[in-house]
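Results of the structural survey
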Amino acid sequence: MNKNIRHQFPALQQRINGQPLAYLDSAATSQKPAPVLAAIQHFYRRDNANVHRAGYTIAARATEQFEQARAKVAGYFGMSARNLVWTRGCTEAINFVAYSWALQQLNAGDLLVVSGLEHHANLIPWQQVCRARNAELAIIPVLATGELDQQAFQQLLQRRPKLVALTHVSNVLGTVNPVANMIALAHQYDAKVLIDGAQAAAHLTVDVAELGADFYTFSGHKMYGPTGIGGVLLSNDMLNQCQPWQTGGEMVEAVSYDTASWAQPPHCFEAGTPNIAGAIGLASAVAFLEQLPEDWQQQEAALLAYAQQRLAAIDGIRLIAAPAEQVAVQSFVSDRIHPQDLAQYLDQFGVAVRLGKHCAHPLLAALGEPVTLRLSLGCYSNQQDIDQLIAAIDAAHQGDTETAVSAENNHLDLDEAVAALKVGQSWQQTLSRLIIVGKALPSALKAERAPQYLIHDCESATWLQLEHGESGWQCLVDSEANVVRGMLHLLALDFNRLAVAEQRQFDGRDWLAQQAFFQQLSMTRQSGISAAIEQLQQQLKT
């Protein structure tokens, strides 16, 4: 990518763990260019006032900028300002459609169709609405390639659904759905169509009017704008059919003690003080996107192909799915290192990728993958980012192999690693030692990998088993992730050393608070190890 683009992103100029930041998580949120940051700061420093109705100068300036932002963003998607309703983001935009339109339109026995590629934001609201209206929710299957089964989709259309909800681009696989064709087919059966454009807006040229979507939702923070702002673009017919779903100030025409009447769309759907700075910042992000080089999309596609080629050449790395049309996103796993462990290795090398189920649990289950790592590109991504990722994976594979060989040859100094974890140290040192301790878990302390011992709320499959013998309780543990296994190995060592009376009084939360590594963990991992502690406490009570 053009160096002049990257230089406009201050966050990308930093070093992480001594390495340049290789930010490959733009599908989760994009970094923000300097003009967007400046626009937000300028508003708060000079024009901060509430919009609409006020009679003083800076309020008039704020209102003008706010409504100009609406027109700018709507125009970027080929729509007029009147057809854009501001929301906090794509999730709220979909919920807006669910509760202001679908809840009014669906009846018992009606059908609503959602694709199997969806983010939870475009699945759960429809589950809730169907439950409330006793309607049916049907899923378009996903093929092994990561594409939707178009034949199954056409068969579902013959049942005349009221609404079809589709993602434009999959946040897990980067699959670009043929939404123009699918919208046209759905309309032939009088179905309305919502398109989740969260992952498309920053990578594709989107003309909502040309697509013919009834609803098109997006999030500002994924298209180089600030968090907390997004919207839904509605056709004129849908704009008139929707009912206000939140009430209060800003959205009324007249109010008495007995009744109220609503303002005209879109304002009747925007109760309360809006995110004024967010809208202004998003308009600046749109202006930024509009001045990118003409070939930026081709450059991004070439970089994705380069990343796929480099990843596929690494022994033990497996790419997930292979859609014919794909943008900016690639999920992968290592058959040699658990994704949680690999993600931590990558962070040591300054590489930021996303780990987990990506808010798409049913899709991951359909693909047969518990979790994946996901790289995702932005307009600022470059070949150095990919090369840094590849070098980090190679180093992780090599380091993991060396640790495994040392473990097999009993060269790991377990006592030294355990002692070091009792005192504060850098996260890199903590990570390395937790992996050592995890790999050194002896078979005598390994839990049976049975369903009754599985710990829920852990991102990696983890087990804890409590055995009672003549000398007291014996805590057995295991996990697919070495980092988690290392933490639980420490727990088992400390617990098993206690006398029976002390075991019965064991305070797991207090033990956890005393561990120097605990505060270094992510919130997700803190929740996981806390769930293991809770399971231990519950088993002690029984």
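Refer to the preceding data block for the structure.
Residues numbered from 1 in each chain as written. Predicted model: local features only at pLDDT ≥ 70, side-chain atom pairs only at ≥ 80, totals over all residues. Heavy atoms only, no water.

Remarks on the environment of Leu185
Mapped onto the elements of the fold, Leu185 is located in helix α7 (residues 179–188). Given the relative accessible area of 15%, Leu185 is considered buried. Spatially, the C-alpha atoms of Leu185 and Phe153 are 9.5 Å apart, while their sequence positions differ by 32 residues. (Helix = DSSP H or I, 4+ residues; strand = E, 2+ residues; numbered from the N terminus. Buried < 20%, exposed > 50% of the residue type's maximum accessible area, 1.4 Å probe, protein only.)

Here we look at the sheet that holds strand β10 (residues 230–234)
If you trace the seven strands from one edge of the open sheet to the other, you get β4-β10-β9-β8-β7-β5-β6, paired in mixed fashion. Since the sheet does not close on itself, it has two edges, and those belong to β4 (84–87) and β6 (136–140), each with one partner. Between one strand axis and the next, the sheet turns through 20° on average, direction left out of account. Pairing of strand β9 (residues 215–219) with β10, which is carried by five bridges, proceeds in the antiparallel orientation. Counted as the bridge partner of Ser219 is Gly230 from β10. (Pairing = 2+ DSSP bridges. Axes fitted to C-alpha atoms, helices over the stretch in contact; angles between N-to-C directions.)

Looking at the pattern of salt bridges
Enumeration over the complete set of coordinates arrives at 20 salt bridges. Here Lys162 ties to Asp110 by a salt bridge, and the two come within 2.9 Å at their closest N and O atoms. With Lys162 in the loop between α6 (150–157) and β7 (163–167) and Asp110 in the loop between α4 (90–105) and β5 (111–115), the pair connects residues that are 52 residues apart, well separated along the chain. Asp110 sits in the buried class, given a relative accessible area of 16%. With a shortest N-O distance of 3.0 Å, Arg485 and Asp478 are connected by a salt bridge. Note on accessibility: Arg485 and Asp478 belong to one class, buried. Residues joined by salt bridges that share partners form a network here, namely Asp25, Arg354 and Arg374. (Salt bridge = Lys/Arg side-chain N within 4 Å of Asp/Glu carboxyl O.)

Description of the layout of surface pockets
To find leftover empty space, a probe the size of one water molecule is rolled over the atoms. Its volume calculated, the second largest pocket comes out at about 260 Å³. Looking at the second largest pocket, it is lined by 17 residues, and the ones nearest its centre are Trp86, Thr87, Arg88, Glu92 and Ala271. Looking at the lining of the second largest pocket, the elements with two or more residues in it are β4 and α4. A per-element tally of the lining of the second largest pocket places β4 first, with three residues. (1 Å grid on protein atoms, 1.4 Å probe; cavity = no way out; pocket = protein on both sides within 12 Å on 5 of 7 lines; lining within 4 Å. Points joined across faces, edges and corners; volume = space filled by probe spheres on them.)

A few points about the sheet that holds strand β13 (residues 317–319)
Spatially, β13-β14-β17-β16 is the arrangement adopted by the four strands of the open sheet, whose pairing is antiparallel. Looking at which strands have only one partner, the edges of the open sheet turn out to be β13 and β16 (354–356). Shown here is a sheet whose adjacent strand axes are inclined to one another by a mean of 30°, direction ignored. Sheet analysis places β16 next to strand β17 (residues 372–376), joined by three bridges and oriented antiparallel. For Arg354, the partnering residue across the bridge sits in β17 and is Arg374.

Structural notes on the packing of helix α2 (residues 34–47) against helix α3 (residues 57–76)
For the pair α2 and α3, the least separation of the axes is 10 Å and the interaxial angle reads 160°. With respect to their mutual orientation, α2 and α3 come out roughly antiparallel. On the side of α2, the interface is formed by Phe43, Arg46 and Asp47, while α3 contributes Ile58, Arg61, Ala62 and Gln65. Here the contact of α2 with α3 is built from residues that sort into three nonpolar, one polar and three charged. (Parallel < 35°, antiparallel > 145°, perpendicular 65-115°, else oblique. Contact = heavy atoms within 4.5 Å. Nonpolar A, V, L, I, M, F, W, Y, C, P; charged D, E, K, R; others polar.)

Observations concerning the pairing of strand β11 (residues 252–255)
Bridge count for β11 against strand β12 (residues 260–262) is three bridges, and the pairing is antiparallel. Note that in β12 the partner of Val252 across the bridge is Trp262.

Observations concerning the nonpolar core
Counting 152 residues, the largest nonpolar core has Phe77, Met223 and Leu389 as its most contacted members. With 10 residues, helix α10 (residues 276–290) is the largest single contributor of residues to this core. Filtering out sequence-adjacent residues up to four positions away, Met223 remains in contact with Ser30, Tyr76, Phe77, Ala201, Ala202, Phe218, Leu282, Ala285, Val286 and Leu289. One finds Ala93, Leu106, Ala135 and Leu194 within the second-largest nonpolar core, a separate group that totals 31 residues. (Core = buried A, V, L, I, M, F, W, Y, C linked by side-chain atoms within 4.5 Å.)

What to know about unusual backbone geometry
For the peptide bond that leads from Pro265 to Pro266, omega is 5°, which places it in the cis range. In this structure, Pro266 sits in the loop between β12 and α10. Phi is positive for Tyr224, close to 75°, though the residue is something other than glycine. Tracing the chain through its elements places Tyr224 in the loop between β9 and β10. Although it is not a glycine, Cys359 adopts a positive phi angle of roughly 55°. Following the sequence through the fold, Cys359 ends up in the loop between β16 and α13 (361–367).

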